[in-house]
Amino acid sequence: MSRDTPGASRAVPHLLAVGPAVSSGCLQERGTVAEVQEGTMDQPSGRSFMQVLCEKYSPENFPYRRGPGMGVHVPATPQGSPMKDRLNLPSVLVLNSCGITCAGDENEIAAFCAHVSELDLSDNKLEDWHELMLISFDNNREINVMKLIHLGTSLHLPRDVQSWPVSKIVSNVPHLEFLNLSSNPLSLSVLERSCAGSFAGVRKLVLNNSKASWETVHTILQELPDLEELFLCLNDYETVSCSPVCCQSLKLLHITDNNLQDWTEIRKLGIMFPSLDTLILANNNLMTIEESEDSLARLFPNLRSINLHKSGLHCWEDIDKLNSFPKLEEVKLLGIPLLQSYTTEERRKLLIARLPSIIKLNGSIVADGEREDSERFFIRYYMEFPEEEVPFRYHELVTKYGKLEPLAVVDLRPQSSVKVEVHFQDKVEEMSIRLDQTVAELKKHLKTVVQLSTSNMLLFYLDQEAPFGPEEMKYSSRALHSYGIRDGDKIYVEPRMK
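Fair warning: this is a prediction, and the values are worked out from it, not measured in the lab.

What counts and how
- Residues numbered from 1 in each chain as written.
- Predicted model: local features only at pLDDT ≥ 70, side-chain atom pairs only at ≥ 80, totals over all residues.
- Heavy atoms only, no water.
- Buried < 20%, exposed > 50% of the residue type's maximum accessible area, 1.4 Å probe, protein only.
- Helix = DSSP H or I, 4+ residues; strand = E, 2+ residues; numbered from the N terminus.
- Contact = heavy atoms within 4.5 Å.
- Polar contact = N/O pair within 3.5 Å; in protein donor to acceptor, adjacent residues only side chain to side chain.
- Axes fitted to C-alpha atoms, helices over the stretch in contact; angles between N-to-C directions.
- Left-handed = near helix turned anticlockwise from the far one by under 90°.
- Nonpolar A, V, L, I, M, F, W, Y, C, P; charged D, E, K, R; others polar.
- Salt bridge = Lys/Arg side-chain N within 4 Å of Asp/Glu carboxyl O.
- Expected span 1.5 Å × (residues − 1).
- Pairing = 2+ DSSP bridges.
- pLDDT = per-residue confidence, 0-100.

**Digging into helix H7 (residues 263-272)**
Inspection of H7 places Trp263, Glu265, Ile266, Leu269, Gly270 and Met272 among the buried residues, and these make up the whole buried set. Where H7 is buried, its residues touch helix H6 (214-223), strand E12 (252-254), strand E13 (278-280) and helix H8 (293-299). Between a side-chain oxygen at the N-terminus of H7 and the backbone nitrogen of threonine 264 the separation is 3.0 Å; the capping residue is aspartate 262.

Okay, structure coming up:
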């Protein structure tokens, strides 16, 4: 899973992490004995939503009132579940990777979850929107297990049992605003509108790696009038199917890690979601933006942020077209073929200069000073290019700043050698000496010039601008560069007096 793909489960700091499934289920905690009547199906493998809920939030795993605001205690009522007064349920439930296949008792879901606002059911085994697993309790606590059924069969069931695992859970959580169904195997099932109505209050829906069909997505869009954020990552989409009805409420769409290569598919998203504020397209191999500037402005009139990380864009014309989105101010463009041949500095500065309305690039704020530096860099970068290769943006910036002179090349590396005058008695010789050597090494180098042994040699350095006269170079291990020797300075050699 890429960095730009939302995780399968929503992190909730104040909740206990979901551990391995508890071996004894909710029914066993109640002391209930399951007895399957003769002639009915065996109970299928998997666990119910209510069973997992009771196990995770039991006093042993989730102690009652561990701190202010940590959860909501559901008091017992005469008709309520015997477990109800023992659970401490927060408003955010994380039940990912628990092997859930069915809902459990509908009345208990309603009693326990009336206050729940966020529900994470990712990485479970909810595989069919239509599948029913109804477990009901009689006064003797015996379990009657009904056959698994599907819509469209000839069976006629009472209205109170015509519900499905996902919708049966959601329909009994009236304040639900966030729902995560990622990594549930929903690919072979089509969601009916009567079932989708259960989701009506959801504002954020995550269907990553669910392989949900576009038909299912369209049904959800028609029944969720307040949906603001939709996550459709890792669903193997190669095309986009247009919905017959626009979704005016959607502001954010994550559709990363699919295979949407053709712009004709991306433009359908603009038609379906005219109020879209943020579009996350990372890790799709989009090759080019084939659309006129006027058409782009009409397709995405409210788009403020777009993520094109690791797309297939390979020409600057595609980058220039991003300026056609009238409200665009944030862009992410890492890992695209176009930028591979440029240095890190060149990539950022050339992008900033080409996108004058952008205030955030690749997650970093573009300050006014950085923008001016980038635009001046852009002018100097293209000033030696042939006229036919110079982009139009170059001429706009020349109008703004004028024609700039090339920057002077300044070598700031420390000087490695200098030319000095060596004075000995009445002789003067010009020499080039290395500044990385020590005083002792310089004496060895001067032995043949002055005909003195190193032990009988005294050296004095005269800075031509120093007002205090020569300085004795008395420390044999001191490096010459520490004296600040420059071209034209003088070194005097004197014999040591015996």
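And the narrative resumes.
**Here's the deal with the packing of helix H11 (residues 368-382) against helix H12 (residues 392-401)**
Look at H11 against H12: their axes get within 10 Å of each other, and the N-to-C directions meet at 120°. Considering how the two elements wind past one another, H11 and H12 form a crossing that is left-handed. Contact residues: H11 offers Glu372, Glu375, Arg376, Phe378, Ile379 and Tyr382, while H12 offers Arg393, Tyr394, Leu397, Val398, Lys400 and Tyr401. Tallied by class, the residues present in the contact of H11 with H12 amount to 7 nonpolar, no polar and 5 charged.

**As for the pattern of salt bridges**
Counting across every chain of the model gives 19 salt bridges. Glutamate 372 serves as the salt-bridge partner of arginine 376, at 3.2 Å between the closest nitrogen and oxygen. Of this pair, arginine 376 and glutamate 372 are both found in helix H11, 4 residues apart, which corresponds to roughly one turn of the helix. Arginine 486 is the salt-bridge partner of aspartate 463, the closest N and O atoms lying 3.1 Å from each other. Residue aspartate 463 is found in the loop between strand E20 (457-462) and strand E21 (471-472), and its partner arginine 486 is found in the loop between E21 and strand E22 (490-495); the two are separated by 23 residues along the sequence.

**Concerning H11**
Owing to its 3.6 residues per turn, the α-helix aligns residues three or four sequence positions apart on the same side. Taking 1.5 Å of rise per residue, the 15 residues of H11 would be expected to cover 21 Å, and the 22 Å separating its terminal C-alpha atoms lies within 8% of that figure. In this structure, the buried side of H11 is in contact with helix H9 (316-321), helix H10 (344-354) and H12.

**Quick notes on the sheet that holds strand E14 (residues 305-307)**
Taken in spatial order, the 11 strands of this open sheet run E4-E6-E9-E10-E11-E12-E13-E14-E15-E16-E17, and their pairing is mixed. The open sheet terminates on both sides in strands that have one partner only, identified here as strand E4 (92-94) and strand E17 (364-365). Across 3 bridges, strand E11 (residues 229-231) lies against E12 in parallel orientation. From the neighbouring strand, phenylalanine 231 faces E12, where its bridge partner is histidine 254.

**A short note on unusual backbone geometry**
Despite not being glycine, asparagine 362 shows a phi value in the positive range, around 50°. Within the fold, asparagine 362 resides in the loop between strand E16 (360-361) and E17. Its relative accessible area of 24% is what places asparagine 362 among the partly exposed residues. In this model, glutamine 451 sits at a positive phi of 60°, which is unusual for a non-glycine residue. Its place among the elements puts glutamine 451 in the loop between helix H13 (439-450) and E20.

**Focus: the sheet that holds E21**
With mixed pairing, the 5 strands of this open sheet are ordered in space as E19-E18-E22-E20-E21. In the strand order of this sheet, the two ends are held by strand E19 (427-434) and E21, each with one partner. One ladder, built from 2 bridges, connects E20 with E21; its direction is antiparallel. When the bridges of E21 are listed, phenylalanine 460 appears paired with glutamate 472. Those strands touched by H13 are strand E18 (417-424), E19, E20 and E22, and its axis lies near 105° from that of E20.

**Here we look at the confidence of the model for the chain**
For any part of a model where pLDDT is low, the fine detail of the predicted coordinates should not be relied upon. Mean pLDDT over the chain stands at 80; residues scoring 70 or higher make up 77%. Low confidence marks residues 131-163, where pLDDT is under 50. Its contacts with residues over four positions away, or in another chain, come to 61 contacts.

**Observations regarding the environment of isoleucine 336**
Mapped onto the elements, isoleucine 336 comes out in the loop between strand E15 (330-332) and H10. For isoleucine 336, a relative accessible area of 1% gives the class buried. Taking the C-alpha atoms as reference points, isoleucine 336 and leucine 308, 28 residues apart in sequence, are found 8.2 Å from one another. Those residues within four positions of isoleucine 336 in sequence are excluded, and the remaining contacts are Leu308, Lys310, Ser311, Leu313 and Ile319.

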